[in-house]
Amino acid sequence: MNIWQLFRKLRPFVTPYRMLIVATLIMTLIGSFAAQVNALTLQYAVDSINRLVEAGQGLNAGWSILITITVVLLVKELISAIVQFGQKFYGIKLRILVSQDLAQSIIEKFLTYRLSFFHQNDNQAGKLQTRIDRGIGSLTTLVQIFFIDILPLFTSAVIALALMFYANFYIGLTAACIVPIYFWLTYKQAQRLGGWRRGLRDAREKKSQGIIGIIESIAVIKSFNREPIEAQKQLKLQKEMTENQMHTRQTSYVFDSLKTFIEQIGIVLIIILTAFFVLNRQMSIGMIMYHVLLFNNVSAPIRSLHRIYDEVNDAMIYSEGFFKILEADDEIEPSGALQPAVRGEFSLSNVDFYYPNGHHALKNINLTIQPNKITALVGLSGAGKSTLISLLDKFYTPQSGSVRLDGIDLNDIDTRYLREHIGLVLQKNHIFQGSIFENIRYGKINATEEEVMTAARKASIHEQIMQLPDGYAADALLLSGGQQQRIALARMFLKNPPIIFLDEPTASLDAIATEQIKHSLDQIKHGRTVIIISHSLSQIIDADYTYVMQNGEIAEHGEHEQLYRQHGAYKEIFDAMAKSLNIDKISKTFDEQVTH
Ligand code: ADP
């Protein structure tokens with residue numbers, strides 16, 4: 001991306017604030033003229049005083065000069081102060097507003113992206129966050145540079161250069177010759193730094209991903225005593241970054257010294273040239289001051305050119321990543337327009353699905369999920385059960401074959417409408433930062449307190465919530481895993497959808513909670529289409545129909561008795577589950593109790 005493309009991309013974010021920009025520009029222009037006043041005043045002062053001294057006159061004759069200088073400089077400083085305040089204030093206001101819009105628009109945009117976007121290796125949480133943060137940071141800096149920094153500096157430089165040319169062509173030319181050399185050096189510097197900067201960006205992203213990783217796995221790290229290894233991994237990253245930073249700095253310092261050298265040569269040349277003209281009686285002595293100060297106005301912006309160049313380069317590198325996220329339109333979740341009445345019959349025909357990494361997770365799946373019935377998906381872990389549910393919830397679209405709801409292709413159905421009718425309960429459900437009340441109400445944003453409590457009762461969590469010191473206002477993140485799971489169930493009860501997908505909903509619960517939830521689930525199952533993935537015998541037996549999955553394929557299907565009699569995969573899994581429960585001993589215990 002080059003600077004103009006970047007500028008064009010940034011424009012829509014800036015145009016709403018054009019009045020702010022115009023106000024800043026007007027201030028800029030006034031400020032740029034005011035910046036030349038010092039040079040003019042000093043030249044006037046030196047020449048007038050010199051004339052008086054040469055004429056043998058003293059302080060008495062000089063009062064008017066002193067008063068004039070004082071008044072002019074005071075007025076100029078006053079105007080400068082007001083202008084600078086306005087410029088800085090409007091500038092910062094523009095920066096803050098643009099940053100707010102950038103942040104909001106990228107969040108609104110990536111919320112619309114499909115799930116696979118977030119599962120790409122390049123878009124892990126930490127990396128994405130760094131890219132967004134850095135992107136916004138450098139883009140707002142860019143806005144500041146474009147509209148607040150560059151213009152005053154360069155207007156001031158152009159005016160100063162024009163005044164120098166006006167005073168004397170050769171002096172103007174000398175000053176003007178230094179500028180392209182400076183530009184060229186800055187350009188070379190930026191070229192040299194480009195690769196290193198990109199490396200630095202990657203290293204930064206990896207580092208923040210690394211830190212998030214450590215925090216997320218801290219318990220595992222500690223239990224295995226792997227702190228030194230984790231520290232070592234980070235050290236390697238840090239070293240890469242340090243090397244990068246060193247190279248960047250080293251290159252910068254070499255070029256900065258070169259540029260300072262060129263600038264000093266410029267000043268010396270201008271002093272010598274002006275002195276020559278003064279001695280040649282073509283100029284007054286005050287012109288030496290005048291030219292040196294004007295040249296300062298020319299070189300000051302150019303001196304900050306490399307800073308600006310650095311920032312622009314940074315912005316180009318970071319904004320590349322930012323705009324890649326903002327403009328990933330092909331990642332927007334597809335949606336049809338149909339909003340049919342939902343009966344709840346899913347059918348899959350010849351469905352093949354590959355994950356973005358190429359893994360063939362579902363192979364030629366043909367099945368029908370009966371409405372208002374409970375269908376169980378059984379299979380070893382990794383068989384493709386959750387993937388199948390993801391397809392039904394339209395989180396992913398199969399590469400071939402079709403998924404239909406009541407005979408209508410899911411692609412043609414409004415995605416939001418579809419999900420409005422589906423309740424999804426996962427093995428580990430997500431609890432948001434906030435109170436228990438807010439977390440349950442997530443299932444129905446405008447639910448009343450009464451409705452929330454009813455849902456909590458159905459999920460067998462109400463009593464436990466009431467025992468907490470803060471009740472429903474307590475922080476939901478502090479609840480235990482099993483309690484959090486019931487909060488998630490309450491959320492689903494509140495949503496009250498006609499279709500329910502349960503992906504091992506009781507896997508992380510204790511026996512009592514499982515029993516209570518089973519009771520709640522039994523209640524909600526009536527009159528709904530339910531698909532349940534479970535390793536719990538009781539939940540599988542309860543199903544009306546079962547599909548057994550193996551390696552992404554449907555291996556067997558049927559009702560419990562019938563499947564069991566087939567002596568196939570289902571029986572094998574079922575027996576293994578029973579064995580793991582030690583059913584023999586359990587039933588013996590019950591028998592003994594009965595006989596006593
Ligand atoms: P199950 O629910 O039966 O345990 P899954 O449907 O979760 O199995 O996974 C099926 C296969 O797809 C597994 O081999 C798993 O490793 C793979 N898989 C799951 N999610 C992804 C993903 N986001 N990207 C790539 N492969 C995945």
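Residues numbered from 1 in each chain as written. Predicted model: local features only at pLDDT ≥ 70, side-chain atom pairs only at ≥ 80, totals over all residues. Heavy atoms only, no water.

Notes on the overall build of the protein
Inference 1: Along its length, the protein carries 22 helices and ten strands.
Inference 2: Across the 596 residues that make up the protein, the buried fraction comes to 45%.
Inference 3: Put simply, the protein shows about 31700 Å² of open surface, and 59% of that area lies on carbon and sulfur atoms.
Inference 4: Taking the average location of the 57 positive side-chain charges in the protein and that of its 57 negative ones, the two points are 8 Å from each other. (Helix = DSSP H or I, 4+ residues; strand = E, 2+ residues; numbered from the N terminus. Buried < 20%, exposed > 50% of the residue type's maximum accessible area, 1.4 Å probe, protein only. Areas by Shrake-Rupley, 256 points an atom, 1.4 Å probe, with all protein chains shown as cover. Lys, Arg positive; Asp, Glu negative; His and termini not counted. Charge placed at Lys NZ, Arg CZ, Asp CG, Glu CD.)

Description of the sheet that holds strand β9 (residues 545-550)
Inference 1: A sheet is described by the order of its strands in space; here six strands give the open sequence β6-β7-β8-β3-β9-β10, paired in mixed fashion. Since the sheet does not close on itself, it has two edges, and those belong to β6 (422-425) and β10 (553-558), each with one partner. Between one strand axis and the next, the sheet turns through 15° on average, direction left out of account.
Inference 2: The strands touched by helix α21 (residues 569-581) are β3 (374-379), β9 and β10; relative to β9, the strand with the most contacts, the crossing angle is about 95°. (Pairing = 2+ DSSP bridges. Axes fitted to C-alpha atoms, helices over the stretch in contact; angles between N-to-C directions. Contact = heavy atoms within 4.5 Å.)

Side note on empty space enclosed by the protein
Inference 1: A complete count under the given rule lists two cavities of 30 Å³ or more for this structure.
Inference 2: Estimates place the volume of the largest cavity at around 40 Å³.
Inference 3: Taken together, A175, I178, V179, Y182, E263, F295, V298, S299 and I302 make up the full set of residues lining the largest cavity.
Inference 4: For the lining of the largest cavity, the secondary-structure elements that each account for two or more residues are α7 (169-216) and α10 (286-303).
Inference 5: Class assignment for the residues of the lining of the largest cavity results in seven nonpolar, one polar and one charged.
Inference 6: Taken together, F7, L10, R11, V14, F146 and F147 make up the full set of residues lining the second largest cavity.
Inference 7: No other element matches helix α1 (residues 3-14), which puts four residues into the lining of the second largest cavity.
Inference 8: Among the residues forming the lining of the second largest cavity, the class breakdown is five nonpolar, no polar and one charged. (1 Å grid on protein atoms, 1.4 Å probe; cavity = no way out; pocket = protein on both sides within 12 Å on 5 of 7 lines; lining within 4 Å. Points joined across faces, edges and corners; volume = space filled by probe spheres on them. Nonpolar A, V, L, I, M, F, W, Y, C, P; charged D, E, K, R; others polar.)

With respect to the sheet that holds strand β5 (residues 408-409)
Inference 1: Across the sheet, four strands lie side by side as β2-β1-β4-β5; this open sheet has antiparallel pairing. Among the strands making up the open sheet, the edge pair consists of β2 (360-369) and β5.
Inference 2: As judged from the five bridges shared by strand β1 (residues 346-354) and strand β4 (residues 400-405), these two strands associate in the antiparallel manner. The partner of L348 across the bridge, within β4, is V403.

Some thoughts on the site of the ligand
Inference 1: Neighbouring the ligand are 13 residues; G382, G384, K385, S386 and T387 lie closest to it.
Inference 2: Take S386: an N or O atom from its side chain is 2.6 Å from an oxygen atom of the ligand.
Inference 3: For the ligand, an oxygen atom lies 2.4 Å from a polar atom in the side chain of T387.
Inference 4: Within the complex, the protein chains bury 68% of what would otherwise be the 560 Å² of accessible surface of the ligand.
Inference 5: Looking at the shell around the ligand element by element, the count peaks at three residues for helix α12 (residues 385-392).
Inference 6: The residue inventory of the shell around the ligand, partitioned by class, reads four nonpolar, eight polar and one charged. (Near = heavy atom within 4 Å. Polar contact = N/O pair within 3.5 Å; in protein donor to acceptor, adjacent residues only side chain to side chain.)

Some words on the pattern of salt bridges
Inference 1: By the definition in use, this model includes twelve salt bridges.
Inference 2: For R131, the salt bridge identified is with E205, shortest N-O distance 3.0 Å. A residue pair is termed long-range when its members are at least 10 positions apart, and R131 in helix α6 (residues 125-167) and E205 in helix α7 qualify at 74 residues.
Inference 3: For E205, a relative accessible area of 6% gives the class buried.
Inference 4: Between K571 and D575 there is a salt bridge, with its nearest N and O atoms 2.8 Å apart. In this pair, K571 and D575 both sit in helix α21, four residues apart, roughly one turn of the helix. (Salt bridge = Lys/Arg side-chain N within 4 Å of Asp/Glu carboxyl O.)

Considering the nonpolar core
Inference 1: Counting 46 residues, the largest nonpolar core has I436, I440, I465, Y472, I487 and L489 as the members making the most contacts within it.
Inference 2: When neighbours within four sequence positions are excluded, I487 is seen to be in contact with I431, I436, N439, I440, I461, I465 and L479.
Inference 3: Judged by nonpolar contacts, the second largest core, of 33 residues, contains F110, Y113, L128 and F323. (Core = buried A, V, L, I, M, F, W, Y, C linked by side-chain atoms within 4.5 Å.)

A few points about the side chain of R486
Inference 1: Summarising the element assignment, R486 is placed in helix α17 (residues 481-495).
Inference 2: What R486 contacts, discounting residues up to four positions off in sequence, is A459, S460, I461, Q464, A513, Q516 and I517.

What about α12?
Inference 1: With seven of its eight residues buried, α12 lies for the most part within the structure.
Inference 2: Listed as buried for α12 are K385, T387, L388, I389, S390, L391 and L392.
Inference 3: With its phi angle positive at about 65°, K394 sits one or two positions after the end of α12.

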